[in-house]
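Summary of structural features
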Amino acid sequence: MGNAVVAAGLRKAYGGGDKRHVALDGLDLTVPAGTVHGLLGPNGAGKSTTVRILSTLLRPDAGRAEVLGHDVVREASRVRYLIGMVGQNAAVDEILSGRQNLAMFGRLYHLSGKEADRRADELLELFGLAGTGRKPVKEYSGGMRRRLDLAAGLILSPRVLFLDEPTTGLDPRGRTEVWSAVRTLVEAGTTVLLTTQYLEEADQLAHDISVIDKGRVVAGGTPDALKAKLGGDRIEFVVHDASDLAPAAALATRLGDGEAEIDEDARRVGVPVKDRVSALIALARALDEAGIAVEDIALRRPTLDEVFLTMTGVAA
Amino acid sequence: MNTVGSRLGWAVRDGWTITRRDLTHLANQPWQLVVSLLFPIMMVLMFGYLLGGAMTVPGGGDYREFLLPGMFGLTMVFGLERTLIAISTDASKGVTDRFRSMPMSGSAVVLGRCAADLLDSVVVLAILAGCGLLMGWDWHRGLDQAALAFGLLLWLRFAMLWVGIYLGLMLPGPEMVMAAQILVWPFGFLSSTFASPDTMPGWLGAVVEWNPLSATVSAARELFGNPGVGGDSWAAANALPLALAWPLLLTAIFFPLSVRRYRRLSR
C-alpha cells in the first residue's frame, strides 16, 4: 500500500507586520495508508494548521500536500470526496436531532434523500446513538456529541480521516468511547491522522507519531521507538521489610545494567536494564532464592510525557 | 461533472438542504417562532394602545394605521439578528468548517441562508399583518399596491441579510453578537417607525428621514394608503425610489464584502 498523506515543506503564516505569526515552518509528513498517525505537540505548535491545510480548509503559503495522490489545493473538490474531517468543536447542529444532523450532512455529501436517511441510521447504530430518537443534540452528553461529530465525518466512509484533538474536553468515559470508535474505523482500513495534546492518546491509538514544535517535526517514529530514544527500561520493585533493601539493591545491581537506586520511604529499588524480560525473570528468581519478600515488581518504560518534555522543552 | 449547469443544480439542491435545516428547526421548536413574534406584537400593542392616544399623525389619521407599516419595516431590520446569530453560531461551532470540508456547493450555504431567512420573514409579515387587520389597520389602494409594499419590505430584509452575513463572519463570538444586536436598535428607532420626522427637532428629523428604514416605511405607507405620508423634504417626497435604492446600495456594499470574508476563511 502507498501513502495516504504526503506533505512536503508546508509553510503558513498568519497576519502581517508585527502581528505576523509563523504557524508552519517547513513541515514534512508522510502517513502510510491504513495506519494511525499521531501529531503530538504543545498548543500553537502547528497541529491544527496542518490538519486544516490537509483537509482543504486552508491554503498553505508554500510547500505542497497530497491526499491519496490528489493535491489539496488544485484538486480540493476531489479531495473533499475522499476525506472526513472532525474538528476541535463538535461541529453539529444543536437544535436538530442526531438523525436529522446526519441526514442533512448526507444530502450535502450528495447522497440521495433515501441513501442519506439509510446511512444516518447505520451510523447511529454503529456509534451507539440509535436510541436517541428526536432528542436535540443540545441535550446530548459531551461524549455523545463527539461520537455524532465523528459519525458525521464518516458519512462517505472516507479513506482518510482527520481528527483534530478528538477528545479535548471529554471526561475519561467519553474519551474511551471515542478511542474505541477510532479503533473500529482503523480495523476497517481507514487511515487516520490525529492531533492530540494527550500523550496517552497518541500512545493508545497511533502506530506512528510526529512530535511537532514551532511548526516543524522535531522527532518521529513509533511510540516505542520514541521512548527508547530517551533511555532504556527499568525494573522497579518494593520489598516487604526495609531491612531487605540493601541486599535487594546489591542483587539488582549484579543482575541489572547499572547502579540500583533505593527509595527508603517507599521501600522501593529501581535499576536500569537492557534485556527487559530476561532481566525481570532473573531478578524475580534471585530475590525469591534469597528469601526476600517482594510486594510488587514491575517493568517501567519512560512515558511519552518524558519524551515530549525532552524534545520540546514544554511539559504537556 | 463540473459543467455550469450541474454546478448550478447542486447549488440549488444543497441550498434547499440548508433551507430545510431551518424549517426543521422550526418544527423542532415551534415556540421559537412565537418568541420571535412576541417582540413586534408587544411593541404594536404598547405603542398602539398605551402610547397611541398621545400620538398625532401629521396630516391627521389613525395612529395605529400609521404604526403598522412602521412595525413591518422595523421587524425586517431586526431580522438582521436572526441572520447574524445563525451565521456566527455556525462559524464558532465549526459547522461552517465542516461545510467547507465537504464536497457541497460553496454558494449553497449562503443561498440556503437567504431562502430560509426570507421565508421566515414572509411568515412573520403574514402573522403581523393578520394582527394589524384585527387592530383596524388595512390597505386601501388595492391588493397589487399592497403586494408591492410587502415586496419592498422583503427587499429591505434581503439587504439586511448581507449585512448580517458579513457581521456574522466578522464577529468572533456570542458576546460580540450581543453588542451588534444593541447597535441595531438605534438604527431601527431613529426612523419614522413610531413618529413622523416632522415632529422632531430639525437635525434629528433629517437623520431620521435619510434612514433607509424610513424610506421603506414611508413607501409602504404610501402603497398601503395609510396616513402620515409626505413632507417637504426631498427624501420624504421620493420615498418610493429611495426604498428601492437604499437596499440596492446596502446589497452592493455588503454582498461583495460577505463573499470576500467567506473566501478569506481559507487564508
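What counts as what
- Residues numbered from 1 in each chain as written.
- Chains lettered and ligands numbered in written order.
- Predicted model: local features only at pLDDT ≥ 70, side-chain atom pairs only at ≥ 80, totals over all residues.
- Heavy atoms only, no water.
- Helix = DSSP H or I, 4+ residues; strand = E, 2+ residues; numbered from the N terminus.
- Expected span 1.5 Å × (residues − 1).
- Buried < 20%, exposed > 50% of the residue type's maximum accessible area, 1.4 Å probe, protein only.
- Polar contact = N/O pair within 3.5 Å; in protein donor to acceptor, adjacent residues only side chain to side chain.
- Contact = heavy atoms within 4.5 Å.
- Domains from an automatic or database assignment.
- Axes fitted to C-alpha atoms, helices over the stretch in contact; angles between N-to-C directions.
- Parallel < 35°, antiparallel > 145°, perpendicular 65-115°, else oblique.
- Left-handed = near helix turned anticlockwise from the far one by under 90°.
- Nonpolar A, V, L, I, M, F, W, Y, C, P; charged D, E, K, R; others polar.
- Phe/Tyr/Trp six-rings, centres within 6.5 Å; stacked < 30°, edge-to-face > 60°.
- Lys NZ or Arg CZ within 6 Å of the ring centre and 35° of its normal.
- Buried area = accessible area lost by both parts, 1.4 Å probe.
- Salt bridge = Lys/Arg side-chain N within 4 Å of Asp/Glu carboxyl O.

1. Side note on helix α5 (residues 108-134) of chain B
Because the α-helix completes a turn every 3.6 residues, residues three or four places apart line up on one side. In this model, α5(B) (27 residues) spans 39 Å end to end at C-alpha, consistent with the 39 Å of a helix rising 1.5 Å per residue. Backbone geometry just downstream of α5(B) places Gly136(B) in the positive-phi region, at approximately 100°.

2. Regarding the side chain of Arg21(B)
Mapped onto the elements, Arg21(B) comes out in helix α1 (residues 4-28). By relative accessible area, which is 6% here, Arg21(B) ends up buried. Within polar-contact distance, the side chain of Arg21(B) engages the side chain of Asp90(B) at 2.8 Å. Apart from the residues lying within four places of it in its own chain, the contact partners of Arg21(B) are Asp93(A), Leu96(A), Met104(A), Asp90(B), Val95(B) and Phe99(B).

3. Concerning the domain arrangement of chain A
Assigned domains of chain A: these are domain 1 (3-228) and domain 2 (233-300). Between domain 1 of chain A and domain 2 of chain A, the C-alpha centre-to-centre distance is 44 Å.

4. Overview of the environment of Trp246(B)
Residue and element names in this part refer to chain B. Looking at the secondary structure, you find Trp-246 in helix α11 (residues 239-264). We classify Trp-246 as partly exposed; its relative accessible area is 22%. Between the C-alpha atoms of Trp-246 and Leu-213, which are 33 residues apart in sequence, the distance is 8.7 Å.

5. Considerations on the packing of helix α3 (residues 63-93) of chain B against helix α7 (residues 174-189) of chain B
All names here are of chain B. Across the interface, α3 lies against α7 with an axial gap of 10 Å and an inter-helix angle of 165°. By the angle between their axes, α3 is roughly antiparallel relative to α7. In the crossing of α3 with α7, the sense of the turn from one axis to the other is right-handed. Contact residues: Leu-74, Val-77, Phe-78, Leu-80, Glu-81, Leu-84, Ile-85 and Ser-88 in α3; Val-177, Ala-180, Gln-181, Val-184, Trp-185, Phe-187, Gly-188 and Phe-189 in α7. Residues belonging to the contact of α3 with α7 are distributed by class as follows: twelve nonpolar, three polar and one charged.

6. Side note on the packing of aromatic side chains
Scanning the entire structure with this criterion turns up 20 aromatic pairs over all chains. Between Phe72(B) and Trp137(B), the ring centres sit 5.2 Å apart and the planes meet at 85°, which makes this aromatic pair edge-to-face. Taken as a pair, Phe72(B) in helix α3 and Trp137(B) in the loop between α5 and α6 (143-170) lie far apart in primary sequence, 65 residues in all. For the pair formed by Phe72(B) and Trp137(B), the shared burial category is buried. Here a set of aromatic residues connected by ring pairs shows up, and it is made of Phe39(B), Phe47(B), Phe78(B), Trp185(B), Phe189(B) and Phe194(B). Here the basic side chain of Arg175(A) rests over the ring of Tyr198(A), its NZ or CZ set 4.2 Å away from the ring centre. Looking at Arg221(B), its charged tip hangs above the ring of Phe66(B), at a distance of 3.6 Å from the centre.

7. Remarks on the interface of chain B and chain A
Across the boundary between the two partners, chain B contributes 28 residues, which contact 35 residues of chain A. Roughly 2,800 Å² is buried in total at the junction of chain B and chain A, and carbon and sulfur atoms are behind 55% of that figure. The largest per-residue losses of area from chain B upon contact with chain A belong to Arg98(B), Ser101(B) and Pro103(B), which jointly make up 25% of the total buried on that side. The interface formed by chain B and chain A includes three salt bridges. Ionic pairing is found between Arg52(A) and Asp97(B), a salt bridge with its closest N-O pair at 2.7 Å. Seen at the junction of chain B and chain A, the total is 15 residue pairs in polar contact (both at pLDDT 80 or more). Secondary structure elements with two or more residues in the side of chain B that touches chain A: α1, α3 and α4 (95-100) of chain B. With ten residues, α1(B) is the single largest residue contributor to the side of chain B that touches chain A.

8. So, the packing of α5(B) against α6(B)
Residue and element names in this part refer to chain B. Where α5 meets α6, the closest approach of the two axes is 10 Å, and the angle between their N-to-C directions is 140°. It follows that α5 is oblique to α6 by the angle criterion. Like other packed secondary-structure pairs, α5 and α6 cross with a definite hand, here right-handed. Counting all contacts with α5, which are made through Val-110, Arg-113, Cys-114, Asp-117, Leu-118, Ser-121, Val-122, Leu-125 and Ala-129, the residues of α6 involved are Phe-150, Leu-153, Leu-154, Arg-157, Phe-158, Leu-161, Trp-162 and Ile-165. Among the residues forming the contact of α5 with α6, the class breakdown is 13 nonpolar, one polar and three charged.

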